[in-house]
Amino acid sequence: MNTYEPIIGLEIHVELKTKSKMFCGCPASHFGKKPNTQTCPVCLGLPGALPVSNKKAIEWTIMLGLALEGNIAEISKFDRKHYFYPDLPKGYQISQYDQPLCRGGTIGDIRIHRVHLEEDTGKLIHTNNTTLVDFNRSGVPLVEIVTEPDIHSTEQAREFLKKLHQTVRYLGISDADMEKGSMRLEPNISVRKTGEKGLPSYKVEVKNINSFRFVEKAIHFEIERQMTLLNNGEKPKQETRGWSEGKGITISQRSKEEAADYRYFPEPDIPPMRFSRHQISDVRRQIPELPDAKRQRFIKTYSLSEYDANLLTETRALADFFEECVKIGKVPAKKLANWIINKKPDMENVLPAALVKSILEAGNVISISDDVIKQILSDNPKAVEDYKKGKQQALMFLVGAVMRQMKGKGSAEEIKKMLLSKLQ
Ligand code: ZN
Ligand code: MN
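Please read these numbers as outputs of a predicted model, since none were measured by experiment. (Residues numbered from 1 in each chain as written. Chains lettered and ligands numbered in written order. Predicted model: local features only at pLDDT ≥ 70, side-chain atom pairs only at ≥ 80, totals over all residues. Heavy atoms only, no water.)

On to the overall build of the protein chain, then. Across its full length, the protein chain holds 13 helices and 17 strands. Over its C-alpha atoms the protein chain spans a radius of gyration of 28 Å, topping by over 25% the 22 Å that the globule rule assigns to 424 residues. Long-range pairs, those at least 24 residues apart, make up 68% of the contacts in the protein chain with a sequence separation of at least 6. Put simply, the protein chain shows about 22200 Å² of open surface, and 52% of that area lies on carbon and sulfur atoms. Treating the 64 positive side-chain charges of the protein chain as one cloud and the 55 negative ones as another, the clouds have centres 4 Å apart. (Helix = DSSP H or I, 4+ residues; strand = E, 2+ residues; numbered from the N terminus. Rg over C-alpha atoms; globule rule 2.2 N^0.38 Å. Contact = heavy atoms within 4.5 Å. Areas by Shrake-Rupley, 256 points an atom, 1.4 Å probe, with all protein chains shown as cover. Lys, Arg positive; Asp, Glu negative; His and termini not counted. Charge placed at Lys NZ, Arg CZ, Asp CG, Glu CD.)

Another aspect to go through is the packing of aromatic side chains. The geometry of an aromatic ring pair comes down to the distance between the two centres and the angle between the two planes. Across all of its chains, the model carries 7 aromatic pairs by this definition. Three or more aromatic residues link up through ring pairs in this structure, and these residues are Tyr 83, Tyr 97, Tyr 262 and Tyr 264. Across the ring face of Tyr 262, the terminal group of Lys 81 is positioned such that the distance to the ring centre comes to 4.4 Å. In this arrangement the basic side chain of Lys 343 is found over the ring face of Trp 339, its NZ or CZ atom lying 4.1 Å from the centre. (Phe/Tyr/Trp six-rings, centres within 6.5 Å; stacked < 30°, edge-to-face > 60°. Lys NZ or Arg CZ within 6 Å of the ring centre and 35° of its normal.)

What follows concerns the coordination of the zinc ion (ligand 1). Within the protein, Cys 24 (SG), Cys 26 (SG), Cys 40 (SG) and Cys 43 (SG) serve as the donor atoms for the zinc ion (ligand 1), at 2.3 to 2.4 Å. Geometry at the zinc ion (ligand 1) is tetrahedral, judged from its 4 donor atoms and the angles of 102 to 115 degrees they form at the metal. When the donor residues of the zinc ion (ligand 1) are listed from N- to C-terminus, their spacing reads C-x1-C-x13-C-x2-C. As far as the burial class goes, Cys 40 and Cys 43 line up, both buried. (Donors = N, O, S within 2.8 Å, 3.2 Å for Na, K, Ca; no water. Tetrahedral: all angles 85-135°; square planar, octahedral: opposite > 155°, others 65-115°. Buried < 20%, exposed > 50% of the residue type's maximum accessible area, 1.4 Å probe, protein only.)

When you line up the elements, His 126 lands in strand S9 (residues 123-126). The class for His 126 is exposed, based on a relative accessible area of 58%. Within polar-contact distance, the side chain of His 126 engages the side chain of Thr 131 at 3.0 Å. (Polar contact = N/O pair within 3.5 Å; in protein donor to acceptor, adjacent residues only side chain to side chain.)

Turning next to the domain arrangement of the protein chain. We note that the domain assignment places domain 1 (4-284), domain 2 (289-365) and domain 3 (366-424) within the protein chain. Taking the mean C-alpha position of each, domain 2 and domain 3 sit 26 Å from one another. (Domains from an automatic or database assignment.)

The next subject is the packing of helix H12 (residues 392-405) against helix H13 (residues 412-423). Packing of H12 against H13 brings their axes to within 10 Å, and their N-to-C directions diverge by 115 degrees. The crossing of H12 and H13 is right-handed. Residues Leu 395, Met 396, Leu 398, Val 399, Val 402 and Met 403 of H12 lie in contact with H13, whose contacting residues are Ala 412, Ile 415, Lys 416, Leu 419, Leu 420 and Leu 423. (Axes fitted to C-alpha atoms, helices over the stretch in contact; angles between N-to-C directions. Left-handed = near helix turned anticlockwise from the far one by under 90°.)

This paragraph deals with the coordination of the manganese ion (ligand 2). Within the first shell, the manganese ion (ligand 2) binds the protein through His 13 (NE2), Glu 118 (OE) and Glu 144 (OE), at distances of 2.0 to 2.2 Å. For the manganese ion (ligand 2), the donor residues sit on a single chain with the sequence spacing H-x104-E-x25-E. Remark: Glu 118 occurs in strand S8 (residues 110-119) and His 13 occurs in strand S1 (residues 4-15); sequence separation between them is 105 residues. Residue His 13 shares its accessibility class with Glu 118, and that shared class is buried.

Here the focus is the nonpolar core. Counting 87 residues, the largest nonpolar core has Ile 12, Leu 64, Leu 117, Phe 160, Leu 164, Leu 312 and Phe 322 as its most contacted members. No other element matches helix H1 (residues 55-67), which puts 8 residues into this core. Of the residues that make up this core, three or more belong to each of domain 1 (4-284) and domain 2 (289-365). Non-local contacts of Phe 322, meaning those with residues more than four positions away in its chain, are made with Phe 298, Tyr 302, Leu 304, Leu 312, Ala 333, Leu 336, Ala 337 and Ile 340. (Core = buried A, V, L, I, M, F, W, Y, C linked by side-chain atoms within 4.5 Å.)

This brings us to helix H8 (residues 333-343). A turn of α-helix holds 3.6 residues, and therefore any two residues three or four places apart point the same way. The complete set of buried residues in H8 reads Ala 333, Leu 336, Ala 337, Trp 339, Ile 340 and Ile 341. Close packing links the buried residues of H8 with helix H5 (291-302), helix H6 (306-312), helix H7 (316-328) and helix H9 (352-361). Phi turns positive one or two residues past the end of H8, at Lys 344, with a value near 40 degrees.

Spatially, the 3 strands line up as an open sheet ordered S5-S4-S16, and their pairing is antiparallel. Looking at which strands have only one partner, the edges of the open sheet turn out to be strand S5 (92-95) and strand S16 (265-266). (Pairing = 2+ DSSP bridges.)

Along the chain, Glu 11 falls in strand S1. Among residues more than four places away in sequence, those in contact with Glu 11 are Glu 144, Ile 145, Val 146, Arg 184, Leu 185, Glu 186 and Glu 205.

It is worth spelling out the pairing of strand S14 (residues 239-244) at this point. Counting buried residues along S14, 6 of its 6 residues qualify, which places the element largely inside the surrounding structure. Summarising the sheet, strand S13 (residues 204-207) and S14 pair through 4 bridges and their orientation is parallel. The residue of S14 that forms the bridge with Val 206 is Arg 241. Crossover handedness for the path S13 to helix H3 (residues 212-231) to S14: left-handed. As paired elements, S14 and strand S15 (residues 249-255) share 6 bridges and run antiparallel to each other. Counterpart to Arg 241 in the pairing with S15 is Ser 252. In sequence, S14 turns back onto S15 through a hairpin of 4 residues, with Gly 248 there showing a positive phi of about 70 degrees. (Right-handed = clockwise from strand over helix to strand, strands pointing away.)

Now for the packing of helix H2 (residues 154-171) against H3. Two elements in contact, H2 and H3, have axes whose closest approach is 10 Å; the angle formed by their N-to-C orientations is 155 degrees. With respect to each other, H2 and H3 are oriented roughly antiparallel. Note on packing geometry: the crossing formed by H2 with H3 is right-handed. Each of Thr 154, Ala 157, Arg 158, Leu 161, Lys 162 and His 165 in H2 lies in contact with H3, whose residues at this interface are Phe 212, Val 215, Glu 216, Ile 219 and His 220. Its residues placed into classes, the contact of H2 with H3 shows 5 nonpolar, 3 polar and 3 charged. (Parallel < 35°, antiparallel > 145°, perpendicular 65-115°, else oblique. Nonpolar A, V, L, I, M, F, W, Y, C, P; charged D, E, K, R; others polar.)

When you line up the elements, Glu 205 lands in strand S13. Classification of Glu 205 by relative accessible area gives buried; the value is 4%. At 3.1 Å, the side chain of Glu 205 and the side chain of Lys 207 are in polar contact.

Structural data, given as structure tokens:
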């Protein structure tokens, strides 16, 4: 028996949550809408209709490229990618071929090949004996992220996808909701004999998976299937397959197209784009603090463990909620972190102030009472005197004294605030 090594690359499509579609003014938000109510001649591909690019979608794609540490193109353009399918009314998709908005980048040790912008297709709805087409999704801005074949296990694929998902959501450019199909995953898999160099001469692409778990299962299944073929002296075919969750297998759909089959050529109705350094740095300035940076800051600023900081920065909303609570100042950050992690308050309905209040009421934290402050001030007349003469250190001494009195169960920030208000 030979041993094999999986070679995996990922292609991810993410729908942007811009107000309007990529090349027309129709609303981009399509989920749950009455079919074919958000269409116009442009996104229906009617003859003579002219596309106009969505500026926000271009900016957001650049923003994602920058967040992934890729290189933004100075000149970029759109191309027509031709294929025939009922969900594609024009007979071609406006996509990007040889001049994508972004090349390169990384997530961890996985390299990103490119990030480009295109338009989504319509949606086929299969009923009993009929297939219906809903064009509400046709023309929604769609970002495609392609990795290099740097992934060698399902775990690595999962880590990468989680990180990308988190980044996209932090940037606020997509809901990346797998169930609603706003993030769709396509792994390509091949295997080579352990120790062999270079890429295998074939790869198998599994189309449009809408769950992290299914991707892992599909990758696992493909590795096994291809190893079996190779062990029997057969070579796996280059093809596109689909994942059947019901059967737990991938199923052959078609032999994989080569780029030449798509007859790419420059989209003649949209002028090429050129970006100045100034424009790109403008976009860079809009990037919010990203998960890694936030996690490090939480560890440093609030003395949280790596584990807690990781949980609290999982989403931007959760991290913001935690920091709002910290700002109130009555409960130490560590205590808040524990409470939020263990009790998982309903952030939609509980305000930070209300949470802090309920922690204090639960009696786990001694609230800093006026009495303690007064007592410490009258016990330490010398320090009070020194502070009034301008010695800042005397204030820190008093904070320390209050904290000792409270056996360390108060926030230094809050104690300082209360001391100051009494001293004035
Ligand atoms: Zn439209
Ligand atoms: Mn695509």
